[in-house]
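Architecture at a glance
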Amino acid sequence: MNQQFPKTGPFAAAPGANASIGEPVRSPGDAMPGGSVPLTGVVCAPGSAAQAAMQAYLTRHAIEGAKWFAPGVLHGLDLAVRQGRIRHVVFAALPDLLEGIWEEEIAFDEWPADVRIDFVDGPGHDAIRATAASWRNWRHRHRRRQARAGLILSVLVLALSFALCILLMR
Amino acid sequence: MLALMLLVLVFVAMWSTQALSLRSVGKPIRLRIDHAGLPRKLQRVNRAVTNAAFAAVLVAYPLLRGESPPHYYAGFFPLDSRIAGLPHGVAAALIYLGLLYACWLFTDNAYLRSLSDVRRLGVKLAGVPLSAVIGAGIEELLFRAMLLAGLLESFVSAFGARFGTVLAVAVGTLVFAGAHYVRRVKRYWTFPGHLALGMLLCVSFACTGQALWLPLGLHAGGILIIMALRPLVRSVGPPWLVGASIYPYAGAVGVVGLTLLTLNMWLLHGGAP
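Below: a short report on this structure. This one's a predicted model, so the numbers in the text were calculated from it and none came from an experiment.

The next subject is the interface of chain B and chain A. Frequently, the measure chosen for interface size is the accessible area that the parts lose on association. With 27 residues of chain B at the interface, the matching set in chain A holds 19 residues. In total, about 1900 Å² of surface goes out of reach between chain B and chain A, with carbon and sulfur atoms giving 79% of it. Taken as a group, Ile 95, Leu 99 and Leu 268 of chain B account for 24% of the area that chain B buries against chain A, more than any other trio of residues on that side. In this assembly, chain B and chain A are joined by 0 salt bridges. Linking chain B to chain A there are 3 residue pairs in polar contact (both at pLDDT 80 or more). Secondary-structure elements contributing two or more residues to the side of chain B that touches chain A are α4 (85-106), α10 (239-242) and α11 (252-268) of chain B. The greatest single-element share of the side of chain B that touches chain A, amounting to 10 residues, is contributed by α4 of chain B. Partitioning the side of chain B that touches chain A into residue classes produces 21 nonpolar, 5 polar and 1 charged.

Below is the structure:
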């Protein structure tokens, strides 16, 4: 996947960054086979409070040309990591990674073992609690989506049943 | 009204037996009919008395009217075109509930259980059709052939055909739903579902000229699919969507479905086109 940086707005490319994944940019990761330098992927909600912290983190660690991804649309990140085009991923916080796993946007088992993962707001000693809270929140949202889908389909099914009974028993 | 009084007598018999049972084991008498706290043996006695009381009422009602029970109940099974109501009712119940279950499975509001003991499941499923016929048959005889027929007779002569029928159906529906809550139950929010079910069965009985074929088919078809799917499907969706336990019709969707099915049956079997 060759996603383009937005030219403006919070997800605009950092100054001097290359415009697409896979092109050689400078990052703190190890050099990739063939001499190219791996890109850093950044996961942070646009316009969120975490965005400023993420910018500060990238400046502090001299990370340039990072590719930004919004939580909730991480299929591109997952593919780039699995293909070795991104080998360093910085998440704003642990729930952003977990949400990606729960939503099956990230196939975490298939990520190379040497991919470096950092968090701007690290979970510290509360990793288990954060994981449980993330799972609970996700399940709650997921159930609501299922119920909504069930309701819509039920209404259609009832209309179908009504029509079927009229047709079959007339 | 005689039928209503006889049904009340059944509940008096149930309560009296429970009171005697409680006294026999030194426990205080309670108003609510609830077997909890009674030894198993006495629970069985209470159940047997309840069943015997219902059977006695079914036999006593025609006798008190001066008719033989077989002759009285045979009148509700006319061997004319209305007999088609039986397969129609079964098919309608299977269509409505079958499609609802399918859509709940499709949207992950219900899951298929893992089958650990197929042989045991087979034995369970084999008994379902008979349970459906017996369960539906007894309730239809009690609440339609006895109670609703009696109410129709009284109310139609007192208030005229149109209003009398509406009133009899309303009272029959209320008594049918309420009877499911005389004993202590796990949940009471399922009451609207029982009201909707009662309305379906009472309307089906009334709009087919007091024949039991259609309500019996609907009732038996419903029990058949619910009991057959019970060991196979586990509902996990919100109760307002999928109902609860053996009451999938008790949620909002179920109540709407039963209302729609009532309209369906009314249009097909006697209502205005």
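Resuming the write-up.
Under the counting rule described, the total for this entry stands at 16 aromatic pairs over all chains. When the centroid spacing of 5.1 Å and the interplanar angle of 70 degrees are considered together, the rings of Tyr 72 of chain B and Phe 76 of chain B count as edge-to-face. Accessibility expressed as a relative area gives 7% for Tyr 72 of chain B, which makes it buried. The class for Phe 76 of chain B is buried, based on a relative accessible area of 8%. When the ring of Tyr 101 of chain B is compared with that of Trp 104 of chain B, the centres are 5.8 Å apart and the planes differ by 75 degrees; the resulting orientation is edge-to-face. One end of the pair, Tyr 101 of chain B, and the other, Trp 104 of chain B, are both in helix α4, 3 residues apart, so they sit about a helical turn from each other. Exposure remark for Trp 104 of chain B: the relative accessible area of 0% places this residue in the buried category. Site record: aromatic cluster; members linked through ring pairs are Tyr 61, Tyr 72, Tyr 73, Phe 76 and Phe 205 of chain B. Geometry around Phe 69 of chain A places Lys 67 of chain A over its ring, the cationic atom sitting 5.9 Å from the centre.

Within the largest apolar cluster, 63 residues are counted, with the highest numbers of intra-cluster contacts made by Trp 104 and Met 146 of chain B. With 10 residues, helix α6 (residues 128-159) of chain B is the single largest residue contributor to this core. In contact with Met 146 of chain B, not counting residues within four places along its chain, are Ala 3, Leu 6, Leu 7, Val 57, Leu 58, Tyr 61, Tyr 72, Tyr 73 and Leu 141 of chain B. The next biggest cluster of nonpolar side chains, apart from the first, holds 18 residues, and it includes Val 43, Leu 77, Phe 91 and Trp 138 of chain A.

All names here are of chain B. In this structure, the second largest pocket spans a volume of roughly 370 Å³. Forming the walls of the second largest pocket are Ala 161, Arg 162, Thr 165, Val 166, Val 169, Val 203, Ala 206, Cys 207, Thr 259, Thr 262, Leu 263 and Trp 266. For the lining of the second largest pocket, the secondary structure elements donating two or more residues are α7 (161-179), α8 (191-206) and α11. Here the lining of the second largest pocket takes 5 residues from α7, the largest share from any one element.

It is worth spelling out the pairing of strand β4 (residues 116-121) of chain A at this point. The side chains of a regular strand alternate, residue by residue, between the two faces of the sheet. Residue and element names in this part refer to chain A. Across 5 bridges, strand β3 (residues 86-93) lies against β4 in parallel orientation. Within β4, the position partnered with Phe 91 by the bridge is Phe 119. Taking the sense of rotation as the criterion, the β-α-β connection linking β3, helix α3 (residues 94-102) and β4 turns out right-handed.

Residues and elements named next belong to chain A. Read from one edge to the other, the open sheet built from 4 strands follows the order β2-β1-β3-β4, with strand pairing classed as parallel. Where the open sheet ends on each side, the last strands, each with one partner, are β2 (67-69) and β4. Going from strand to strand, the sheet's axes swing by 25 degrees on average, the running direction of each strand aside. Across the sheet, helix α2 (residues 75-82) touches β1 (39-43), β2 and β3, and the angle it forms with β3 is around 145 degrees.

This next bit is on the packing of helix α1 (residues 2-24) of chain B against α6 of chain B. All names here are of chain B. Remark: α1 packs on α6, axes separated minimally by 8 Å, with the N-to-C direction vectors making an angle of 140 degrees. Judged by the inter-axis angle, α1 sits oblique to α6. For the pair α1 and α6, the contacting residues are Ala 3, Leu 4, Leu 6 and Leu 7 in the first and Leu 142, Phe 143, Met 146 and Leu 147 in the second. Residues of the contact of α1 with α6, tallied by class, amount to 8 nonpolar, no polar and no charged.

Residues and elements named next belong to chain A. Across the 5 residues of β1, 5 count as buried, placing the element largely inside the fold. Residue alternation in β1 divides its side chains into two sets, Leu 39, Gly 41 and Val 43 and Thr 40 and Val 42, and both sets are buried. Of the strand pairs in this sheet, β1 and β3 are connected by 5 bridges, and their pairing is parallel. Within β3, the position partnered with Gly 41 by the bridge is Val 89. Pairing of β1 with β2 involves 3 bridges; the strand directions are parallel.

Cut-offs applied
Residues numbered from 1 in each chain as written. Chains lettered and ligands numbered in written order. Predicted model: local features only at pLDDT ≥ 70, side-chain atom pairs only at ≥ 80, totals over all residues. Heavy atoms only, no water. Contact = heavy atoms within 4.5 Å. Buried area = accessible area lost by both parts, 1.4 Å probe. Salt bridge = Lys/Arg side-chain N within 4 Å of Asp/Glu carboxyl O. Polar contact = N/O pair within 3.5 Å; in protein donor to acceptor, adjacent residues only side chain to side chain. Helix = DSSP H or I, 4+ residues; strand = E, 2+ residues; numbered from the N terminus. Nonpolar A, V, L, I, M, F, W, Y, C, P; charged D, E, K, R; others polar. Phe/Tyr/Trp six-rings, centres within 6.5 Å; stacked < 30°, edge-to-face > 60°. Buried < 20%, exposed > 50% of the residue type's maximum accessible area, 1.4 Å probe, protein only. Lys NZ or Arg CZ within 6 Å of the ring centre and 35° of its normal. Core = buried A, V, L, I, M, F, W, Y, C linked by side-chain atoms within 4.5 Å. 1 Å grid on protein atoms, 1.4 Å probe; cavity = no way out; pocket = protein on both sides within 12 Å on 5 of 7 lines; lining within 4 Å. Points joined across faces, edges and corners; volume = space filled by probe spheres on them. Pairing = 2+ DSSP bridges. Right-handed = clockwise from strand over helix to strand, strands pointing away. Axes fitted to C-alpha atoms, helices over the stretch in contact; angles between N-to-C directions. Parallel < 35°, antiparallel > 145°, perpendicular 65-115°, else oblique.

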